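Given next are the chains, with one letter for each unit.
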Amino acid sequence: MPEEQFEPKIIAFLCNWCSYRAADLAGTARMKYQPNIRMIRVMCSGRVDPAFVLKALSFGADGVMIAGCHPGECHYIDQNYKTMRRFTMLRHTLRAMGVEDERVRLQWASAAEGTVLAAAINEMVNQVRALGPLNWTDQWKESFNVEEAVLALEHEHAEAMEVPV
Amino acid sequence: MSKKGKLAIYWAASCGGCEIAVLGIDEKILDVAGAFDIVFWPVAIDAKVRSIEKMADKSIDLCLFNGAVRTSEQEYMARLLRNKSKVLVAFGSCAHEGCIPGLANAYSREQIFQTAYHDTPSTDNPDGVRPQTTTEVPEGTIHLPVFYDTVKTLAQTVDVDYYLPGCPPEPERIWDALVAILENKLPPPGSVIGAETTVCDECPRTRSEKKIKEFKRTWEIIPDPEICLLDQGLVCCGIATRAGCGALCPTVGSPCIGCYGPNTGVEDFGARMITALASVIDSEDPDEIDRIISEGIPDPIGTFYRFSLANSQMRRSALPSNGAHAKQAVETG
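All values reported here derive from a predicted model rather than from experimental measurement.

(A) Quick peek at the overall build of chain B. The helix and strand tally for chain B stands at 14 helices and nine strands. Since a compact globule built from 333 residues should have a radius of gyration of about 20 Å, the 22 Å found for chain B is in line with a globular shape. Referenced to the eigenvectors of the C-alpha coordinate spread, the extents of chain B come out at roughly 65 × 55 × 35 Å. For chain B, the residues scored as buried account for 45% of the 333 residues in total. Look at the contacts in chain B between residues 6 or more apart in sequence, and 73% of them connect residues 24 or more apart.

Listed below in C-alpha cells is the structure:
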C-alpha cells in the first residue's frame, strides 16, 4: 500500500471585491485547483487582523493565505497597502518564531484573475505539503510526563515533611 | 468586623517585584493585616507548604499568585493553592501573561541550560554539571523539580478567578482590587481588574496623524517632550496596552513597553501592535516596507511580545528539535 500523502489544511482570507470573485470565476470556468484550501470571505484584505492568522496557525492550520485586490485597486482606496505592510511585519515576526515563510502568503488577485488565484493556491499547497504538517500545539507539549512529575511532589512532601511524633 | 479572612501570597517564576509592589501600598498593609490573617507568604512569613496541604479545600479566602509556571514544583503549588483558595488572583504580569520569564519560550530548555550552565563567560563548570531531577546521596534519593520547555501562565495551568495586570501592578490598583475584594464588589469571575482604556488615553503627549519613514531605537534620538513618541518613530506600545500605570514611561520620554498587558478586546498583544504599526508606515513600496520593518524592528518577539509571549496565540517559538522547524530556527538564530 502506498504511503499516505500529507494533505495540508490552508485557510484563505479572500477579499469580497476581487479575490473572492476570482475564486468564483475559477469555479464557473471549471478550473481545477487542489481542495486543501478553506476560504473565508472578508470585506477587504485590510480586515484581516494578524490575530486571525496566528489563531489559524496555532489552532491547526498548516498555512494561511491572504488574498486581495492589486495595490492601487482597493475598493476601500488604500487598505490593501495596510495589508501589505501588516503582512510584511507579521511574516517578519513568524520568521522569528520559526514558522517558514511559505506557510503564509499574500496574493493579489483581481476579479478577472481566476487563473492567477488557482495557480497560487496550487503552488502554495505544494509548498506546504513539502514542508509537512505544522501541528503547532505539539510545540506546547512537554517531553516528560507532567502529571507524574507534579504528583511526585505530593508524595515527597508527605514523606519528607512529616516529623514522627 | 466579622471573622478575619485568610490570605495567601505566593511567587512562582517571577522576580520578586510583585512582592515589593504589595508593600508599595505603604501603611495600608496594616489594614490588609487587619482584614486578613496571612496564612502563607514565603517572602514575609514562615509558613510551611505542608500546613497548606493539610488545610481543608477552599479554606483560604484570597490567594494572590504572582509568577509564571515553568517547573513542576510551580505547577504543583499553583494546583495546591487553587484547591485551597476561594478566590485565586493572577497577580502581576508573569501570572497573567508570562512576562519576562515567558520570553524564555523563544528558546528550548536545552538552549537555556546550554547558555546558563556552559556558555556564559562567568560560568565555571569544567565537569559540565547540569541540574538533575534525581540524585543519589548516601541518605537516599533527592529530587529537583522538572524544568519545562514552555513557560505557562497561571490560567494555562489552573482556573483563575481574576487578573491583576502590571509588571508590577501599581500600588493604587492593588489597593483598589483589595478593597473590591473586601467589599465584595468584584467584577464577574474571569475579569481583569483594571481600566478598559489604553496607556495612550493617560498619556499627556500630543498626538497627530502618524506617518513614519523609519522606526528609531531609544538611543538614537532625544525625543521631543510634547509630541507622541510614536509620531517621532519610537515603537511605543501604549496603543495596545491597558491603562493603569498613569503613562509613567512615555511621560518621561521612554516608550511604553507594554507591561500592563493587553487592553480589553486585544486577543494577541503582538497582533495588535503589528496592526497599529503597519498602519503608520509611510510607504507603498514593498521593498522599502520590508527594509523599514527588518531594520527598524530587529527583534519582533522582544518588541511585540516582551510581556505576553507565553499568553500569545502561538505561545512560543518553534522548538529546534521539532524536525521541520529546526532548519529555520538555526538560520534565524
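(B) Region of interest: the overall build of chain A. A count of helices and strands for chain A gives five helices and four strands. Listing each helix as α and each strand as β along chain A from the N terminus yields β-α-β-α-β-α-β-α-α. Relative to its length of 165 residues, chain A is extended, with a C-alpha radius of gyration of 22 Å against a globular reference of 15 Å. Dimensions of chain A, computed from C-alpha atoms along their principal axes, come out at roughly 85 × 50 × 25 Å. With 165 residues in all, chain A has 47% of them scored as buried. A sequence separation of at least 24 residues applies to 80% of the contacts in chain A between residues at least 6 apart.

(C) Looking closely at the interface of chain A and chain B. Every contact between the two is made by 41 residues of chain A and, on the other side, 47 residues of chain B. Contributions of two or more residues to the side of chain A that touches chain B are made by helix 2 (50-58), helix 3 (79-96) and helix 5 (146-160) of chain A. For the side of chain A that touches chain B, the element with the highest residue contribution is helix 3 of chain A, accounting for 12 residues.

(D) Main features of helix 4 (residues 72-84) of chain B. Spanning 13 residues, helix 4 of chain B covers 18 Å between terminal C-alpha atoms, matching the ideal 18 Å at 1.5 Å per step. Looking at the buried positions of helix 4 of chain B, the neighbouring elements they touch are helix 5 of chain A together with strand 1 (5-11), helix 3 (49-53), strand 3 (60-66), strand 4 (69-71) and strand 5 (85-91) of chain B.

(E) Spatial organisation of the environment of Trp175 of chain B. Residue and element names in this part refer to chain B. Assignment of secondary structure puts Trp175 in helix 8 (residues 171-182). The exposure class assigned to Trp175 is partly exposed, which follows from the 19 C-beta atoms found within 10 Å. Spatially, the C-alpha atom of Trp175 lies 13 Å from that of Gly92, the residues being 83 residues apart in sequence. When neighbours within four sequence positions are excluded, Trp175 is seen to be in contact with Ile25 and Lys28.

(F) Focus on the domain arrangement of chain B. Residues and elements named next belong to chain B. As far as domains go, chain B holds domain 1 (5-101 + 150-182), domain 2 (111-148) and domain 3 (199-298). On a C-alpha basis, the centres of domain 1 and domain 3 stand 32 Å from each other. Between domain 1 and domain 3, the contact holds eight residues from the first and six residues from the second. Per element, the largest residue contribution to the side of domain 1 that touches domain 3 is three residues, and it comes from helix 5 (residues 93-97).

(G) Highlighting the pairing of strand 6 (residues 134-137) of chain B. Residue and element names in this part refer to chain B. As paired elements, strand 6 and strand 7 (residues 140-143) share four bridges and run antiparallel to each other. The residue bridging Thr134 from the neighbouring strand is His143, located in strand 7. Between strand 6 and strand 7, which follow one another and run antiparallel, lie two residues.

(H) Quick peek at the nonpolar core. Of all hydrophobic cores here, the largest spans 141 residues; its most connected members are Ile10, Leu57 and Val64 of chain A together with Tyr10, Cys63, Phe65 and Val89 of chain B. Residue contributions to this core reach at least three from each of two domains, namely domain 1 (5-101 + 150-182) and domain 3 (199-298) of chain B.

(I) View of helix 11 (residues 269-280) of chain B. With 12 residues, helix 11 of chain B should reach 16 Å at 1.5 Å per residue; the first-to-last C-alpha distance of 17 Å fits that figure. Burial analysis of helix 11 of chain B places nine of its 12 residues in the buried class, the great majority of the element. Considered for burial, the residues of helix 11 of chain B that qualify are Phe269, Gly270, Ala271, Arg272, Met273, Ile274, Thr275, Leu277 and Ala278 of chain B. The secondary structure elements touched by the buried residues of helix 11 of chain B are helix 2 and helix 3 of chain A together with helix 13 (300-304) of chain B.

(J) Spotlight on the packing of helix 2 of chain A against helix 11 of chain B. Contact geometry for helix 2 of chain A and helix 11 of chain B: axes closest at 8 Å, N-to-C directions at 145°. The two elements helix 2 of chain A and helix 11 of chain B cross, and the hand of that crossing is right-handed. On helix 11 of chain B, the residues touching Pro50, Ala51 and Leu54 of chain A of helix 2 of chain A are Ala271, Ile274 and Thr275 of chain B. Looking at side-chain class alone, the contact of helix 2 of chain A with helix 11 of chain B contains five nonpolar, one polar and no charged residues.

Conventions used here
Residue numbers here run from 1 along each chain, matching the order of that chain's written sequence. Each chain gets a letter, beginning with A, and each ligand a number, beginning with 1, in the order they are written. With the structure being a predicted model, the display of local features is reserved for residues of pLDDT at least 70 and the display and counting of side-chain atom pairs for 80 or more, all residues being used for whole-chain, interface and lining totals. The helix count covers DSSP runs of H or I at least four residues long, the strand count covers runs of E at least two residues long, and both are numbered beginning at the N terminus. Radius of gyration here uses only the C-alpha atoms, and the compact-globule reference equals 2.2 Å multiplied by the residue count raised to the power 0.38. In this scheme the burial state of a residue depends on its C-beta neighbours within 10 Å: 20 or more other such atoms mean buried, 12 or fewer mean exposed, and anything in between means partly exposed; the C-beta positions come from the backbone. Distance between backbone-placed C-beta atoms decides contact: two residues are in contact if it is within 7 Å. For a helix, the expected span equals 1.5 Å multiplied by the number of residues minus one. Those domain boundaries reflect an automatic or database domain assignment. Each pair of strands is called paired provided DSSP finds at least two bridges between the two strands. Structurally, a nonpolar core is described as a collection of buried Ala, Val, Leu, Ile, Met, Phe, Trp, Tyr and Cys residues joined by way of C-beta atoms within 7 Å. Every angle, taken between N-to-C directions, lies between 0 and 180 degrees, and every axis is a line fitted to C-alpha atoms, over only the stretch in contact when it is a helix. For any helix crossing, the convention is left-handed if the near helix is rotated counterclockwise from the far helix by under a right angle, and right-handed if that rotation is clockwise. Side-chain classes are defined by residue name, with Ala, Val, Leu, Ile, Met, Phe, Trp, Tyr, Cys and Pro counting as nonpolar, Asp, Glu, Lys and Arg as charged, and the others, Gly among them, as polar.

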